Amino acid sequence: WSSDVCSSDLRAAERQQRVEQAPSVSVEAIETAFANAKNSGIQRPKLRLDTFVFSPAPSAGKNPNAIYVKENGEYLGKVSGGKFYAVRNCSGDAQGRVLAAASDPANAAVAYGKKFGSCAVCNRELSDPASIERGIGPICAERFGW
């Protein structure tokens, strides 16, 4: 029993340290894109930047106004109040790439489109060279205000 308590205390201390050391990041451009998308009728907007999927937390959930970050379906953390709160299994490399993508989503969307040949919003294949260069299809660009 005491090892469970110690283990729990250790996890809590690790979590507190991650919260205290959470790096700052501006996601204003992502928030604006999500607001534009919602105003265009998209209920659950997502952005694929680098190898990550950024999505807004449910407004009625326990993290309203946060942006969740996943990679390959695995939750890596959230951006809330201008800070990125990574989970324990988010590597330093992944955290650095999340921060870079969040700080410059337009360039990260372009990189995604060029790397995967898919729209950074809807993930459909891009066939038009201009869309590939932009990393986002024309309809999604309009809906997200890009």
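Use the structure listed above.
Conventions and cut-offs
Residues numbered from 1 in each chain as written. Predicted model: local features only at pLDDT ≥ 70, side-chain atom pairs only at ≥ 80, totals over all residues. Heavy atoms only, no water. Helix = DSSP H or I, 4+ residues; strand = E, 2+ residues; numbered from the N terminus. Buried < 20%, exposed > 50% of the residue type's maximum accessible area, 1.4 Å probe, protein only. Contact = heavy atoms within 4.5 Å. Salt bridge = Lys/Arg side-chain N within 4 Å of Asp/Glu carboxyl O. Pairing = 2+ DSSP bridges. Axes fitted to C-alpha atoms, helices over the stretch in contact; angles between N-to-C directions.

Chemist: Before we go on, may I ask you to explain the environment of Cys 140 in this structure?
Modeler: Inspection of the secondary structure puts Cys 140 in helix α6 (residues 138-144). You can call Cys 140 buried: its relative accessible area is 10%. Setting aside residues no more than four positions away along its own chain, Cys 140 makes contact with Cys 119, Val 121 and Cys 122.

Chemist: I tried to follow the pattern of salt bridges on my own but got confused; where do I start?
Modeler: Where charged atoms of side chains with opposite charge meet at close range, the side chains can pair. Under the counting rule described, the total for this entry stands at four salt bridges. The partner of Arg 97 in a salt bridge is Asp 93, with the nearest N and O atoms 3.1 Å apart. One end of the pair, Arg 97, and the other, Asp 93, are both in helix α3 (residues 92-103), four residues apart, so they sit about a helical turn from each other. Assessed through its relative accessible area of 24%, Arg 97 is described here as partly exposed. Assessed through its relative accessible area of 51%, Asp 93 is described here as exposed.

Chemist: Where do I start with the sheet that holds strand β3 (residues 67-71) in this structure?
Modeler: Sheet strands pair by backbone hydrogen bonding; their relative direction is either parallel or antiparallel. Strand order in this open sheet of five strands is β1-β2-β3-β4-β5, and the pairing throughout is antiparallel. The open sheet terminates on both sides in strands that have one partner only, identified here as β1 (47-49) and β5 (83-86). Between one strand and the next, the sheet's axes are offset by a mean angle of 25 degrees, whatever the strand orientation. Of the strand pairs in this sheet, β1 and strand β2 (residues 52-56) are connected by three bridges, and their pairing is antiparallel. Its bridge partner lying in β2, Arg 48 is registered against Val 53. Packing against the sheet, helix α2 (residues 28-39) makes contact with β1, β2 and β3, and its axis sits at approximately 60 degrees to β2.

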